[in-house]
Amino acid sequence: MTTAPSIILTRLDVQRLERLIDSLDEPLPPGAVALQAELDRAETVVGHEEVPAGVVTMNSRVHCREQSSGKDYHLTLVYPQDANADEGKISILAPVGSALLGLQAGQHIDWPAPGGKTLKLELIEVEYQPEAAGEYHL
């Protein structure tokens, strides 16, 4: 496993995600534990109007590439109730969801895939970010 890249989060996302984690039954599912670890390691937390446009926030749509196969993915990071794999809507509680949160274009993550395999993903582009579009969903 490689060292996790530094991440930037918005205060609003942190507040909402902590409420999500608090709403889950104990023991917490692995995805919630992983998400809490990501929230805890955030080096920078900014207001939703201050987040750089190239940072993955909740409801962002991203283009990423699996390095060994070259396969491209277009994913939208969503809350669990909005997840739909067929539409590329990935839950924040999925391993790749919590791993994408706070990344910037050009950064790499390890994506735990089914069967215990680890894939390496590069974030190519943040195609849509609600904050950059002025859509804060307050």
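Residues numbered from 1 in each chain as written. Predicted model: local features only at pLDDT ≥ 70, side-chain atom pairs only at ≥ 80, totals over all residues. Heavy atoms only, no water.

**Examining the overall build of the protein chain**
For clarity, the threshold we go by: Strands here mean DSSP runs of E at least two residues long; helices mean DSSP runs of H or I at least four residues long; both are numbered from the N terminus. For the radius of gyration, the atoms used are the C-alpha atoms, and the globule rule reads 2.2 Å times the number of residues raised to 0.38. Only protein chains enter the area calculation, which uses a 1.4 Å probe; residues under 20% of their type maximum are buried, those over 50% are exposed, and those in between are partly exposed.
Looking only at helices and strands, one finds three helices and seven strands in the protein chain. Reading the helices (α) and strands (β) of the protein chain from amino to carboxyl end gives β-α-α-β-β-β-β-α-β-β. Relative to its length of 138 residues, the protein chain is compact, with a C-alpha radius of gyration of 14 Å against a globular reference of 14 Å. C-alpha atoms of the protein chain, sized along the principal axes, occupy 40 × 35 × 30 Å. Out of the 138 residues belonging to the protein chain, those deemed buried represent 45%.

**Looking at the pairing of strand β7 (residues 118-128)**
The test is simple: DSSP bridges decide pairing: two strands pair if at least two such bridges lie between them.
Two elements, strand β3 (residues 61-66) and β7, share six bridges in a ladder whose sense is antiparallel. Bridge pairing in β7 places Val62 opposite Val126. Where strand β6 (residues 108-112) and β7 come together, five bridges link them in antiparallel fashion. Within β7, the position partnered with Trp111 by the bridge is Leu119. What sits between the antiparallel neighbours β6 and β7 is a turn of five residues, in which Gly115 has the positive phi angle 85°.

**Some words on the side chain of Glu38**
Convention followed: Throughout this description, a polar contact denotes any pair of N or O atoms lying within 3.5 Å of each other; where both atoms belong to protein, one of them has to be capable of donating a hydrogen while the other can accept it, and for residues adjacent in sequence the pair is counted only when both atoms sit in side chains. Here a residue-residue contact requires only that any non-hydrogen atoms of the pair lie within 4.5 Å.
Along the chain, Glu38 turns up in helix α2 (residues 30-41). The exposure class of Glu38 is buried, given its relative accessible area of 13%. Within the structure, Glu38 has its side chain in polar contact with the side chain of Arg41 (distance 3.1 Å). Apart from the residues within four sequence positions on either side, Glu38 is in contact with Ile7, Leu9 and Ser98.

**Remarks on the nonpolar core**
Side chains that are nonpolar tend, in soluble globular proteins, to be buried together. Under the convention used in this document: Think of a nonpolar core as a cluster: buried Ala, Val, Leu, Ile, Met, Phe, Trp, Tyr and Cys residues, connected wherever their side-chain atoms sit within 4.5 Å.
Counting residues in hydrophobic clusters, the biggest one holds 33 residues, and the most contacted among them are Leu17, Ile92 and Leu101. Where this core is concerned, the elements lending two or more residues are α1 (11-23), α2, β3, β4 (72-78), α3 (95-100), β6 and β7. Beyond its immediate chain neighbours, meaning those up to four positions away, Leu101 contacts Ile7, Leu9, Asp13, Leu17, Leu35, Leu39, Val56, Thr57, Met58, Leu77 and Ile92.

**Brief notes about the environment of Glu122**
Looking at the element boundaries, Glu122 is found in strand β7. Sequence separation of Glu122 and Pro95 is 27 residues, and the distance between their C-alpha atoms is 15 Å. If near-sequence neighbours (up to four positions away) are discounted, Glu122 is found in contact with His63, Cys64, Arg65, Gln67, Gly106, Gln107 and His108.

**Let's talk about α1**
Note the following rule: An expected span of 1.5 Å times one less than the residue number is assigned to each helix.
Its 13 residues give α1 an end-to-end C-alpha distance of 18 Å, which sits within 8% of 18 Å, the value for a rise of 1.5 Å per residue. The complete set of buried residues in α1 reads Leu12, Asp13, Val14, Arg16, Leu17, Leu20 and Ile21. Contact partners of the buried residues in α1: β1 (8-10), α2 and β2 (44-46).

**Points about α2**
Applicable threshold: Throughout, the arc means the angular range of directions from the helix axis out to the C-beta atoms.
Under the 1.5 Å per step criterion, the end-to-end length of α2 is 17 Å for twelve residues, consistent within 8% with the ideal 16 Å. For α2, every residue scored as buried is listed here: Gly31, Ala32, Leu35, Glu38 and Leu39. All buried residues of α2 lie within an arc of 120° about the axis, which places them on one face of the element. Along α2, the residues that are exposed and aim more than 90 degrees away from the buried face are Pro30 and Asp40. The elements touched by buried residues of α2 are β1, α1 and α3.

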